[in-house]
Amino acid sequence: MAIPVDAAAAALREAMRETVKRYSLWYLIQGVLLVIAGVLAIVSPVIASVAVVFLLGWILIVSGALQAIGLIGASHVPHFWLQLISAVLAALIGVLLLRSPESSLLVMTMLLIVYFMVEGLAKVIFALTIRPFPNWGWVLASGFLGIVLSSLLWTNMPLSAEWLLGFMLGLLLISEGAALAYLAWRVRTAPPVTDN
């Protein structure tokens, strides 16, 4: 017997609410710990930036090694050589990240600066094309903010490479932790919700 899609969606939402409510204390603890880790990353952005580079380096090395192990005895599979080259490159890039974290920070910061500039320009152009819509100015302001941020980082380039990744990691951890803790707190204190 099939159930209607709306009933299935309502049952799934209720199951998710119950799961979040049952484990809300753990979600709350996780959110608080993420906020604390984010604050530490913002207080010590250089250490956090280097930690990001080392973590990424080890992830690439392990990923390349596991991919290479998976290719043992599989030389007959299609695109074997491309997969082997991919595994070797992953491990090699991981080793390079670990050997020269300063250069790695510089490259990653350059990529972020380019991303902020392109994203800012795209938002400015988008805002100007939707100009009659209400609140189009917020999109325009967001685009200008991306361009200004990119320009500031570029003008302080050698110095900004040391702290940018750690600072951004801190902001990410704080925002995710605060959102998770807020959700858990609201679920713990909210009355049961019924769908109509």
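Up top is the structure these notes are about.
Below or above, wherever it landed, is the structure these notes cover. Please read all numbers here as calculations on a predicted model, not as lab measurements. (Residues numbered from 1 in each chain as written. Predicted model: local features only at pLDDT ≥ 70, side-chain atom pairs only at ≥ 80, totals over all residues. Heavy atoms only, no water.)

1. Focus on the overall build of the protein
Item 1. Counting its regular elements, the protein contains 7 helices and 0 strands.
Item 2. The globule rule puts the C-alpha radius of gyration for 196 residues at 16 Å, and the 23 Å found for the protein is more than 25% above it.
Item 3. Taken along the three principal axes of its C-alpha coordinates, the protein extends 55 × 55 × 40 Å.
Item 4. Looking at the protein as a whole, 27% of its 196 residues are labelled buried.
Item 5. Once local pairs closer than 6 in sequence are excluded, the contacts in the protein between residues at least 24 apart make up 79%.
Item 6. Carbon and sulfur atoms make up 76% of the accessible area of the protein, which amounts to about 13300 Å² in all.
Item 7. Looking at the protein, you have 9 positive and 8 negative side-chain charges, and the mean spots of the two groups are 5 Å apart. (Helix = DSSP H or I, 4+ residues; strand = E, 2+ residues; numbered from the N terminus. Rg over C-alpha atoms; globule rule 2.2 N^0.38 Å. Buried < 20%, exposed > 50% of the residue type's maximum accessible area, 1.4 Å probe, protein only. Contact = heavy atoms within 4.5 Å. Areas by Shrake-Rupley, 256 points an atom, 1.4 Å probe, with all protein chains shown as cover. Lys, Arg positive; Asp, Glu negative; His and termini not counted. Charge placed at Lys NZ, Arg CZ, Asp CG, Glu CD.)

2. A word on helix α3 (residues 45-70)
Item 1. With 26 residues, α3 ought to run about 38 Å at 1.5 Å a step, and its terminal C-alpha atoms sit 37 Å apart, in line with that.
Item 2. Within the span of α3, buried status applies to P45, A48, S49, V53, G57, I61 and G64.
Item 3. If you follow the buried residues of α3, they end up packed against α2 (24-43), α4 (80-99), α5 (101-129) and α7 (157-189). (Expected span 1.5 Å × (residues − 1).)

3. A short note on the nonpolar core
Item 1. Counting residues in hydrophobic clusters, the biggest one holds 11 residues: V53, L97, L105, M108, L112, I113, F116, L153, M157, L164 and L165.
Item 2. Those elements giving two or more residues to this core turn out to be α5 and α7.
Item 3. A total of 5 residues in this core trace back to one element, the largest contributor, which is α5.
Item 4. For L105, the contacting residues outside a window of four places in its chain are S49, V50, V53, A161, E162 and L165. (Core = buried A, V, L, I, M, F, W, Y, C linked by side-chain atoms within 4.5 Å.)

4. Thoughts on the packing of aromatic side chains
Item 1. Scanning the model with the defined rule gives 2 aromatic pairs in all.
Item 2. Ring centres 5.9 Å apart and planes at 55 degrees place the aromatic pair Y115 and F116 in the tilted group.
Item 3. Judged by relative accessible area, Y115 falls into the partly exposed class, the value being 47%. (Phe/Tyr/Trp six-rings, centres within 6.5 Å; stacked < 30°, edge-to-face > 60°.)

5. Looking at a nonpolar patch on the surface
Item 1. A contiguous nonpolar surface patch, about 810 Å² in accessible area, is contributed by Y23, L25, W26, I29, V32, L33, I36 and L40.
Item 2. Among the structural elements, L33 can be located in helix α2. (Patch = residues over 30% accessible without salt bridge, like charges linked within 9 Å, V, L, I, M, F, W, Y side chains within 5 Å. Salt bridge = Lys/Arg side-chain N within 4 Å of Asp/Glu carboxyl O.)

6. Observations concerning the packing of α4 against α5
Working note: a packed helix pair is described by the angle between its axes plus the distance between those axes.
Item 1. With their axes 5 Å apart at the nearest point, α4 and α5 run at an angle of 110 degrees to one another. In terms of axis orientation, α4 runs roughly perpendicular to α5. Contacts between α4 and α5 involve L96, L97, L98 and R99 from the former and P101, S104 and M108 from the latter. (Axes fitted to C-alpha atoms, helices over the stretch in contact; angles between N-to-C directions. Parallel < 35°, antiparallel > 145°, perpendicular 65-115°, else oblique.)

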